[in-house]
Amino acid sequence: MAMTLRLSSSLFFPPSITTCGKPQPPPLVPLWTHHSPSLSSTTLRRVVSPSTSVTTLDSPVPPVVTTDDDDDDAVSAFWDYQFLFVSQRAESVTPISLRVVEGAIPADFQSGTYYLAGPGLFTDDHGSTVHPLDGHGYIRAFSVDGSSGEVRFSARYVATEARMEEQEETSGRWRFTHRGPFSVLKGGKKIGNVKVMKNVANTSVVKWGPRLLCLWEGGFPYEIAQGTLDTIGLFDVIDAQDLPVQDRVDRGWPNLFLDIATRFLKPVLHGVFQMPPKRLLSHYKIDARRNRLIIVSCNSEDMLLPRSNFTFYEFDTNFKLLTKREFSIPEHLMIHDWAFTDTHYLIFGNRIRLDVPGSLLAVFGFSPMISALSVDSRRPTSPVYLLPRFSDEKSHRDWRVPVEAPSQHWLIHAGNAFEQRDSAGNLEIKMYAAACSYQWFNFQKMFGYDWQSGKLDPTFMNPRDGREKLLPHLVQVTVALNEKRGSEECSIEPLNQWNRSSDFPAINPEFAGTQNKFIYASTCSGSRRFLPHFPFDSVTKINVQDGVVTTWTTRRRRFVGEPIFVPKGTDEDDGYLLLVEYAVSIQRCYLVVLDAKSIGNADALVARLEVPRNLNFPLGFHGFWAATK
C-alpha cells in the first residue's frame, strides 16, 4: 500500500524561525512517496514486525493526515506512536503569539511562564538514531499574560557541551559522536568511544530564585536566560559551596573492599569515561512551607558497586546552601525520583545488579551502557529508606535498615509524601507515586526503543494477555512505625483502586511534603484498540480522602503529557492544570488549560491554544510553572 503526499506551504519556516540557531530559507515543497507497513492482520504487533521498512524515530516523510477522526486501526496507531518522537530542529528565537482555538485564558489566571523540558532531536544527518532519553534537550516556554489573556510561545535547544560537539557550527548539520547511556550509534565509533554520559539537559526544568535550570540525570544543570532562552552555561550547584564536615551524616558501615574499589573506580570513571564524581538526579523538590529547593546527588561509582551514596542539599532562594546530608546505603539501587516529608527524605529503592556480560559488551560499544545493569529480582520485596532530614531529629531507629514493602515495584515518579503521628507518638508516612512491576521494567526497551534497529515498538508499552497490570500505575505506599513495640509495617496498593496505566503524578505545589487531598496524573481512557495504555490520552483527579476518581479525556488520536498545577485560591484544588496535547495525526501541539475543580465535568476545558505547525514538537518530559512576581 502506498501513499503519495504533497506537503502544504504551512510547513514553511517564517522569518522568525531558525533551525538550531541557523537562519533557514523557506524550503521547496517536496512531493513524497511513502510506503506504509503491509498488514496481514489487524494486530499492532504485525505492524511493527521486523520487515517494516520505515520505522525510525525520525522518519522524514510519514503520512500527513488531514483529520484526527480516522478509524482506530493498526496503521494509524503505529504512526501516531512514531509521531510523538519525530525531531523538531526549528527554534523560535522570537516568541510567537498562540492562536486560541477553543475557550479563552480566564481573567483570574495569574501571569507567568510554563516551561517544559524534553528531548527535541533523535536522528542526526549521518544515519544514527538515539533513544528518546538521549535526545538533545529542547526547552519550550509558554508565557501567559494574565491581564490580556495572550500566550506567547518560544523554544530553543539547550547549548550543552554535547550540542557543541555534535552540531556543525557553519552548516547546522548534526553528527552524533557520543551514544548516550541508552543508545548505540550506527556506524559510530565503538572501540574507544568512552564518553557515555553526555549531558543533554533534557529531563526537567526549575525556576528557583534568579535562576532557570535545565536538569539531566547525570551531570550539572544548565542555566537558561529566562527571557530569550539563551544558554548561559553549566551551573555547578553541588560544589559551588559547602558546609563544615560536622554537619554531615554518618556515612554508614565501613566496607574495606568497597572503599578500595571506590578509590580505583573514581579516577577511571572521571578521567577515562568523563563521568562527574557526583551525578545530580534530575528530580528536585520544593518545600513551599520552608521556601527551600531540595536536590540530591549520587556518586558515579554507585552504578557499578553494591553501595549507594545519596547527598541531599537544601537551598534558599539565593542558592545559599542551608543543609547538606550524606547517606551511604549498603544496597545497589537506581533512583530516578524520591520524596520528602517534614522530617524525612524517602527513597523507595529500585534494586539493580551489575550484569557482567552486558558490561563487557557495553564497554566495547556493542550494546548501550545501560546494559551493564539489570533489575535485581532475587528478593521479593522493595526497600523503603527513611532518611533523617535534620541533624537534631531524635529517633531510635537505624536509618540504614529499610522497611520492606511486600512486593516488587519499580518506582518511577513520586507525587507527594507526608507524615503524621497518632496520640501515642507513633509515626505513619504515606507516599503517592507512579510505579510499575519489576517483571515489566526493562532498561533497554523503555518507550519500546530497539537499539539494534533504531525502531520504536508500541507493543512494549501496550501489552496484552493480562500483563497490563504490570505497567506504570498510581500507588499508595504506607509505612507505619510503632517505636514502643518496635514494629514496622509497610503496604503498597493501587491508589483508590485506580488500576489504569498512569504516570506523572502532580499536586498543588503549595502542599508538597504535607498532607494533601488531590492527586492529578496522566492516564489512559482505555478506549483505544491498538494503543490502550500508552501514550496517555486523559488526566485523572483522585481524591485520596473520599475515594472519588474523575477524568478528563482529549479527542480521538490525541495524547497528553504531564499535568502542571497552577494555584489560584485557598482551596487545594482551586486552580488550573496546564498540559500539552499532542494531535500527532495532524502534526499539531496545543497548550490546554483545565479547571482543576471541574475535572470530570463538561466544563473542565478552559482553553486550547495552537502551536504553529512548523513548531510542532516531540513528547516533553517534565515542566514547571513560574509565576510572575
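Residues numbered from 1 in each chain as written. Predicted model: local features only at pLDDT ≥ 70, side-chain atom pairs only at ≥ 80, totals over all residues. Heavy atoms only, no water.

### Looking at helix H5 (residues 356-363)
In step 1: Looking only at H5, the buried set comprises Gly 358, Ser 359 and Ala 362. Seen from one end, H5 has its buried residues packed into an arc of 105 degrees, which puts them on one side. Facing away from the buried side of H5, by more than 90 degrees, are the exposed residues Val 356, Pro 357 and Leu 360.
In step 2: Those residues of H5 that are buried lie in contact with strand E22 (352-354).
In step 3: Of the residues flanking the start of H5, the one acting as N-cap is Asp 355, its side-chain oxygen 2.8 Å from the backbone nitrogen of Gly 358.
In step 4: Taken from the residues just after H5, Gly 365 is the one with a positive phi, measuring 80 degrees. (Buried < 20%, exposed > 50% of the residue type's maximum accessible area, 1.4 Å probe, protein only. Helix = DSSP H or I, 4+ residues; strand = E, 2+ residues; numbered from the N terminus. Arc of directions from axis to C-beta. Contact = heavy atoms within 4.5 Å. Polar contact = N/O pair within 3.5 Å; in protein donor to acceptor, adjacent residues only side chain to side chain.)

### Side note on the sheet that holds strand E11 (residues 204-208)
In step 1: With respect to topology, 4 strands assemble into an open sheet ordered E11-E12-E13-E14, the strand pairing being antiparallel. Where the open sheet ends on each side, the last strands, each with one partner, are E11 and strand E14 (231-234). The sheet shows a mean angle of 25 degrees between the axes of neighbouring strands, taken without regard to direction.
In step 2: Note that strand E12 (residues 211-215) and strand E13 (residues 222-224) share 3 bridges and pair antiparallel. The residue bridging Cys 214 from the neighbouring strand is Tyr 222, located in E13. (Pairing = 2+ DSSP bridges. Axes fitted to C-alpha atoms, helices over the stretch in contact; angles between N-to-C directions.)

### What about the packing of aromatic side chains?
The geometry of an aromatic ring pair comes down to the distance between the two centres and the angle between the two planes.
In step 1: Going through the model one piece at a time under the given rule, you end up with 34 aromatic pairs.
In step 2: Seen in terms of ring centroids, Tyr 81 and Phe 534 are 6.3 Å apart; in terms of plane orientation they differ by 70 degrees. Their pairing is edge-to-face. Of the two residues, Tyr 81 sits in helix H2 (residues 74-83) while Phe 534 sits in the loop between strand E33 (518-523) and strand E34 (538-543), which places them 453 residues apart along the sequence.
In step 3: These aromatic residues form a ring-pair network of at least three members: Tyr 81, Phe 85, Phe 122, Phe 447, Phe 534, Phe 536 and Phe 621.
In step 4: Above the face of the Phe 518 ring, Lys 541 is positioned so that its terminal group lies 4.6 Å from the ring centre. (Phe/Tyr/Trp six-rings, centres within 6.5 Å; stacked < 30°, edge-to-face > 60°. Lys NZ or Arg CZ within 6 Å of the ring centre and 35° of its normal.)

Function cannot be read off these values alone, since they describe shape.
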